[in-house]
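Residue-level structural notes
Residues per chain, in single letters:
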Amino acid sequence: MLGSLKTSRFMALTLVIITAAGCGNSISQTPHPDEIEPVASPNPSPGIAENEAPVADDEEDSLEAGIPVVAWFGYVVSTSDGAEFDDFVTIFPEGQVGEFGIEGANEAVEAEISALRDHEEPGKYANFWGTLTCDVIDYGGCQLLVDRIRSGIETTEPEPFEGWEGTIVGFSYDEPGAPQPDDAFMLAGEYPVQYGIASYIAENGWPIFKEELENLRDTEQTIRISGHLICGFPDMNSCQIQVNQIEIDGIIVDAYQDWQTYTDDEYGFSFRYPGSWQIVQEQDVPFISFENGNFMFIIGVRHSTEDIDLIINRTESLEQMGMVNFLGQEIPRMAWLKNNRVLAVRYGEPENFLDGGVIKVDPLVFTISLWEFGDDWPNTANISMEVQIEVDQMISSFKLTE
């Protein structure tokens, strides 16, 4: 239970109303859609037809079973004078995936391919989308028919995918000071294309599969993953997979394994929390409070039709430090800083703090905050990033039950 000092400070927080608001710079975050739209695997087992490339009548039979190509990374090279074909594409990892004839699906794409041909760095490399067909008349007996190219500083919108199969492999960056090692996802099948991979929302706030991915590194364990792909991203082969589901041996990994579930039947919501957090207040006032040592996670809740005060005090300006997903919406994390120490984190749009910092999710209204207390508060308070990330995970697990 809370000591007398902690209790008095908590009660003061729930009673004092201060309306000054502050804000900082936002940090780019990964979208959190309610649903993942399934798309074709980028590297199915040979012989499985998932796309059909436009071909001439006399080649129709041999090109029937094309392999979908999703953001494969490589560069375009001219062949020598007098060669049968004018160019080809080399796909990374070099020597492992292959060199293929390349053709644009239309004049615009063909012009992009021509511009990339024999290009020097920077600007030499690109990601390619399209269809690969083999046993055809082109360089090396295969042709990559390209319908989209990403190159230069262009960044793609997050593309949903579902059920890609492969393994996690480790690699090291050449640049000094870069994180070592890092992980890549290598597609199963005939073409071991690789992508950078990160836990969903990555290291920006909710690395919920980080430990799982690290444990899978270089184990040769085949897994199925779903999530989003972003290219033009500083990661392996200029793309990063951001994972929100992992399946191992047919079993979906529970991101909240061994966590408990809190359910509020009166207001119709639930969320997950680890056993290190204990409920310390659940009645009398409209706040649900969890304690972990000197840390308190406080949730205020009411129906939108109720006239109940949910305001939690703050005494200094707040600085935005990233975003977190809450019931399908991205909300800012606003840190109360003192001498570069984090005394508290409040969640929600800064302009709403004039209205008590409320977060409206019809038919409910919430306030959410994280605090640190102690015998010498606030002189020693400093909420660690580890605790902040854990609370972000709790917030991201909220669900409406009614």
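Residues numbered from 1 in each chain as written. Predicted model: local features only at pLDDT ≥ 70, side-chain atom pairs only at ≥ 80, totals over all residues. Heavy atoms only, no water.

1. Structural notes on unusual backbone geometry
Glycine aside, negative phi is the norm for most residues, and most peptide bonds take the trans geometry. Inclusion rule: What counts as a helix is a DSSP run of H or I of at least four residues, what counts as a strand is a run of E of at least two, and both are numbered from the N terminus. For each residue, the accessible area found with a 1.4 Å probe, counting protein chains only, is set against the maximum for its type, and the residue is called buried under 20%, exposed over 50%, and partly exposed in between.
With an omega dihedral of -5 degrees, the bond running from F92 to P93 counts as a cis peptide bond. One can find P93 in the loop between β2 (87-91) and β3 (98-104). Even without being glycine, A71 reaches a positive phi, approximately 60 degrees. Checked against the element boundaries, A71 lands in strand β1 (residues 67-78). Despite not being glycine, D118 has its phi angle at roughly 60 degrees, a positive value. The class for D118 is partly exposed, based on a relative accessible area of 46%.

2. Describing the pairing of strand β19 (residues 341-347)
If a strand is regular, its side chains alternate between the two faces of the sheet. So the rule is basically this: Between any two strands, at least two bridges found by DSSP are needed for them to pair.
Burial runs high along β19: seven of the seven residues are buried. Bridge count between strand β18 (residues 329-338) and β19: six bridges; the pairing is antiparallel. Among the inter-strand pairings, K338 is bridged to a residue of β19, identified as R341. In textbook terms, the turn of a hairpin is the stretch between consecutive antiparallel strands, and for β18 and β19 this stretch comprises two residues, one of which, N339, has a positive phi near 55 degrees. With four bridges joining them, β19 and strand β21 (residues 364-372) adopt antiparallel strand pairing. The partner of A344 across the bridge, within β21, is W371.

3. Quick notes on the pattern of salt bridges
Working definition: two side chains of opposite charge can pair if their charged atoms are close together. To be explicit about the condition: Think of a salt bridge as a Lys or Arg side-chain nitrogen and an Asp or Glu carboxyl oxygen that are within 4 Å of each other.
If you walk through the whole model with that rule in mind, you get eight salt bridges. Among the salt bridges present, the one from E159 reaches R148, with a minimum N-O distance of 3.1 Å. Placement of E159 in strand β6 (residues 159-171) and of R148 in strand β5 (residues 142-151) is noted, with a sequence separation of 11 residues between them. Salt bridges linked by common partners bring D86, D87 and R117 together as one network.

4. Quick look at helix α2 (residues 107-116)
What counts here: What the arc covers is the set of directions going from the helix axis to the C-beta atoms. Every residue pair with non-hydrogen atoms within 4.5 Å of one another is taken to be in contact. Polar contact is defined as a pair of N or O atoms within 3.5 Å, subject to the rule that within protein one atom must be able to donate a hydrogen and the other to accept it, and that residues adjacent in sequence are counted only when both atoms are side-chain atoms.
All buried positions along α2 are accounted for by V109, I113 and L116. Take α2 and look down its axis: the buried residues cluster within an arc of 60 degrees, on one side only. Of the residues in α2, the exposed ones pointing more than 90 degrees away from the buried face are E107, A108 and A115. On its buried side, α2 packs onto β1, β2, β3, β4 (126-134) and β5. Sitting at the head of α2, N106 places a side-chain oxygen 3.1 Å from the backbone nitrogen of A108. Immediately downstream of α2, the backbone of D118 shows phi near 60 degrees, a positive value.

5. Digging into the pairing of strand β10 (residues 239-248)
Most of β10 sits inside the fold, with seven of its 10 residues counted as buried. Taken together, the nine bridges between strand β9 (residues 223-231) and β10 define a ladder with antiparallel strand orientation. Residue pairing in the sheet places I230 in a bridge with Q240 of β10. Relative to strand β11 (residues 251-252), β10 runs antiparallel, the two being bridged by two bridges. Across the sheet, I248 pairs through a bridge with I251, a residue of β11. Taken together, β10 and the strand that follows it, β11, pair antiparallel across an intervening segment of two residues, in which D249 is found at a positive phi of about 50 degrees.

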